[in-house]
Amino acid sequence: MSTFQIDFGESKSKIVGIDLGTTNSLVAVMELTGPRILSGIVPSVVSATESGEVIAGEAAREMLITHPERTVYSVKRLMGRGLADVGEELKLFPFRLAKGSESVLQLRLGEKIMTPPEVSAHVLLKLKNDAEAALGEPITQAVITVPAYFNDAQRQATKDAGRIAGLEVLRLVNEPTAAALAYGLDKRKEGIVAVYDLGGGTFDISILRLHDGIFEVLATNGDTHLGGDDIDHLLMNIALEEIRAEWSEDISGNPGAVQLLRRAVIKAKEELSFVPEAKIDLGFHGKRYQREMTLDVFDRIIQPIVDRTLGPCRACIQDAGVKVEEIDEVVLVGGSTRIPLVRSAVERLFRAKPHTELNPDEVVALGAAVQAGILAGDVKDQLLLDVTPLSLGIETMGGLVSKLIHRNSTIPASATETFTTAVDGQTNVLIHVVQGERELVKDCRSLARFDLKGVAPMQAGMARIEVRFLIDANGILNVTAKDLRTGKEQSMDVKPSYGLTDEQVEAMILESFEKAQQDLTERQVREARVEADAVMAAVDKARHEEAYSALSEAERAAIDRAMNELLVVYHSDDHTLIRAKIDGIDQATQSLAEAIINSVAEKALKGTKVDA
Amino acid sequence: MQYYEALGLEPKLALDLDDLRKRFYERSRETHPDLVGANAAGSGAEDRMAQLNDAFRTLRNFVTRAEYFLSERGIQLSKDVPPELLEEVFELNMALEEMRGGDDSARPQLDSARERFAAMQAEIDSDLAALFSRQDAQGNALDEIAASLNRRRYISNLLRDVDKELNVHISN
């Protein structure tokens, strides 16, 4: 059977903006009137059902209570991290690791084993499907937000998640910057703005200069392991302690009970943002734990967490080279900024009343959609100039770091370094790249090892290999090398210290995305055929109506032709083609439809008279 | 002097920072891959933008600007201790050692050293401003600028060490 292609000329598919959060995720799109959230909040929870299906979102969140051992949440905390990094997380979160987790964690969801990027990919897939349903067209490209303080590996892992979900990630945007974009676009602001972003699992502070549509980040700082989750853990520990005393039972070993308690403390925490007193209320196996908590007590419990955000804020102000008085406005982002103590701490530090008019849950996704609009060329005159949060360096003699690109450099940023050999006949040069602010390699985070190979053997110090380090607009490192003697590109092996290889990501795509894409296409074709059936049945029925015989010869011929055209494409795999031919029939039968409606109306009127 | 070229400037040491930022913004709009639709690989927009960013970052700070200016003229800064500071540095290091060893009696000495170095740095900064103008007008101040920069770098490193030591002990 031949296939059909229709060229839609100018029409291009939309680029969506995605906030891939620790607790919740959202997808938005840029429209003529501004950015718009598509569908609702999707909890960043993924569960593997007993039938082998993987689900994400609200349905998976329910599984957290019923099937905690098959379900994971807050996986963003594990993105781009190795076994050695996650000791603290493992104490607090019910993550179950499988063997072989050294450089990429392997999570166990029932009998399924998935890496953090794969888990995130299922959240992205859910958002992608929701967006496709809302827009009625396939989505293949996205802008995804990440915490500003994410390092290279965490960014790469997020990009991998996108690829696994079948999305081309056109850009990673820092969350506070996205918020500023949504905020500034609306108001056409000028001046210096601080964005304080305390989410479920990460904290960022960014200071920007806004000028005539340019959003220049001056400095950023943060903590990728600080957020609402930490508050939940403090409250849960108190509750678990009290339950142990009250019930003479330790429920901390029961994952279902722990998740119920988690839900109960979150409810109380959220209430305390609006009322001065709330109750942690847990019913489990016929027993009940109830605890009143006043805002005063709550404030005292969370004070250390709020305090931990202040150091990065002060460092950020200093790095931005501005005085506190010069900061015109402070914007709050992230659900945890609803907490009154957080607001008052921010107000005291910045000596300005923070802005709260934008929904802190939505503003990041809206900003991502604006950046998507910029990349698509739909939003003109707006430009984001972001920075890299961490310094990039290479290992030198004695385990010291030589910094090549300093933190808070505007990206893309580059540095060039020439390397040579240390002994006669040496054919390899090894470069160890690290990220961080400390002077010793062991105190920084290893990023990758580059092995420049096939260097022509010659006297020590004679080789000249120029290596270019480029941090791209996503904050991800790209390295290229050139042999200055030959002018040819120098080949090299890259061993990332953490994360998936290209081949691994590729294999994961084949497992999940193609199937999903196929599912979507099949669904669309199936739906188009159902509609075609209905339309053709209606036309066949109409042929028996009086109105049909009243049509002109030409009109009847046009209907026959449109019917034939639909029949020809009916079995094609292209739903757009089927829909185009359905539209053809609609046009050809327009006057017929009108005539039938009129006659029906007439009959109905006559009927009324008879009945009356 | 490609950093100057990237921003459309004559290679001068004294620059108007507001004008510099304005030029940077204007050129960003013309260069940034997000705006010039350069998702097509190999267009070179990303490289050009990286160079523009590097140029702005280097030129907006008078120290990195002067260091760049000198290195483009083939002048390397010496890494030696400026001889006139030797004695002072020796004493300071003794005091720093004592502080690190937990002996807080060195604090007043560090405080006053800090004040002295901060004053020296401020003096060098105003000297540099004058030297920049002279270089731009007469082209005969490069050696003095190099000497001042060397002294300044050394002093700012000392200040950083002293601050680190003073802060660590305050927060403890």
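Computed from a predicted model, the values in this text were never measured in an experiment.

Summing up its helical and strand segments, chain A has 15 helices and 25 strands in all. Projected onto its principal axes, the C-alpha positions of chain A cover 100 × 75 × 55 Å. Here chain A holds 612 residues, and 43% of them are scored as buried. In chain A, once contacts between residues fewer than 6 apart in sequence are set aside, the share between residues at least 24 apart is 68%.

Here the focus is the overall build of chain B. Broken down by element type, chain B carries 7 helices and 0 strands. Walking chain B from its N terminus toward its C terminus, one meets helices and strands in the order α-α-α-α-α-α-α. Buried positions account for 27% of the 172 residues belonging to chain B. Here the contacts in chain B between residues at least 6 apart in sequence split such that 63% fall between residues at least 24 apart.

Moving on to the pairing of strand E18 (residues 392–396) of chain A. All names here are of chain A. In terms of residue burial, E18 counts as a mostly covered element, since 4 of its 5 residues are buried. Where E18 and strand E19 (residues 400–405) come together, 5 bridges link them in antiparallel fashion. From the neighbouring strand, Ile-394 faces E19, where its bridge partner is Ser-402. The hairpin formed by E18 and E19 contains 3 residues between the paired strands, and Gly-398 there has a positive phi angle of roughly 75°. Relative to strand E21 (residues 429–435), E18 runs antiparallel, the two sharing 3 bridges. When the sheet's bridge partners are listed, Leu-392 is paired in E21 with Gln-435.

Below, the discussion takes up the packing of helix H6 (residues 228–247) of chain A against helix H8 (residues 295–320) of chain A. Residue and element names in this part refer to chain A. The interhelical angle for the contact between H6 and H8, taken along N-to-C directions, is 145°, at an axis separation of 10 Å. In terms of crossing hand, the pair formed by H6 and H8 is right-handed. Contacts between H6 and H8 involve Asp-230, Ile-231, Leu-234 and Leu-235 on the former and, on the latter, Ile-301, Ile-302 and Ile-305.

Among the secondary structure elements, Ala-118 of chain B is positioned in helix H6 (residues 107–138). Considering only alpha carbons, one finds Ala-118 of chain B and Glu-165 of chain B, 47 residues apart in sequence, at a separation of 16 Å.

So, about the confidence of the model for chain B. For chain B, per-residue confidence averages 86 on the pLDDT scale, and 93% of positions sit at 70 or higher. Among the scores for the predicted complex, ipTM is 0.85 and pTM is 0.81.

Here the domain parsing of chain A yields domain 1 (15–227 + 302–385), domain 2 (228–301), domain 3 (392–500) and domain 4 (504–611). Placing a centre on the C-alpha atoms of domain 1 of chain A and another on those of domain 4 of chain A gives a separation of 43 Å.

With that settled, consider the domain arrangement of chain B. With domains assigned, chain B is organised as domain 1 (2–60) and domain 2 (83–171). Computed over C-alpha atoms, the centres of domain 1 of chain B and domain 2 of chain B are 33 Å apart.

Time to look at the interface of chain B and chain A. Contacts between the two partners involve 15 residues from chain B, matched on the other side by 16 residues from chain A. Counting only elements with at least two residues in the side of chain B that touches chain A, the list comes to helix H2 (17–31) and helix H3 (45–60) of chain B. Broken down by element, the residue count for the side of chain B that touches chain A peaks at 6 residues, all from H3 of chain B. Across the side of chain B that touches chain A, the residue classes break down as 5 nonpolar, 5 polar and 5 charged.

Attention shifts here to the nonpolar core. The biggest cluster of nonpolar side chains holds 169 residues, and the ones touching the most others in it are Val-16, Ile-18 and Ala-368 of chain A. Sorting elements by how many residues they give to this core places helix H10 (residues 363–376) of chain A first, with 10 residues. Beyond its immediate stretch of four places on either side in the chain, Ile-18 of chain A contacts Ser-25, Val-27, Leu-124, Leu-127, Ala-142, Val-143, Ile-144, Thr-145, Ala-365 and Ala-368 of chain A. Residues Ala-95, Met-99, Leu-110 and Ile-155 of chain B belong to the second largest nonpolar core, which totals 12 residues.

On to the sheet that holds strand E20 (residues 413–419) of chain A. Residue and element names in this part refer to chain A. In space, the 3 strands of this open sheet follow the order E20-E23-E24, with antiparallel pairing throughout. The sheet is open, and its two borders are formed by E20 and strand E24 (477–483), each paired with just one other strand. Taken pair by pair, the neighbouring strands of this sheet meet at an average axis angle of 20°, ignoring direction. Relative to strand E23 (residues 465–471), E20 is paired through 7 bridges, and the arrangement is antiparallel. Within the sheet, the bridge partner assigned to Thr-418 lies in E23 and is Glu-466.

What counts and what doesn't
Residues numbered from 1 in each chain as written. Chains lettered and ligands numbered in written order. Predicted model: local features only at pLDDT ≥ 70, side-chain atom pairs only at ≥ 80, totals over all residues. Helix = DSSP H or I, 4+ residues; strand = E, 2+ residues; numbered from the N terminus. Buried ≥ 20, exposed ≤ 12 C-beta atoms within 10 Å, placed from the backbone. Contact = placed C-beta atoms within 7 Å. Pairing = 2+ DSSP bridges. Axes fitted to C-alpha atoms, helices over the stretch in contact; angles between N-to-C directions. Left-handed = near helix turned anticlockwise from the far one by under 90°. pLDDT = per-residue confidence, 0-100. Domains from an automatic or database assignment. Nonpolar A, V, L, I, M, F, W, Y, C, P; charged D, E, K, R; others polar. Core = buried A, V, L, I, M, F, W, Y, C linked by C-beta atoms within 7 Å.

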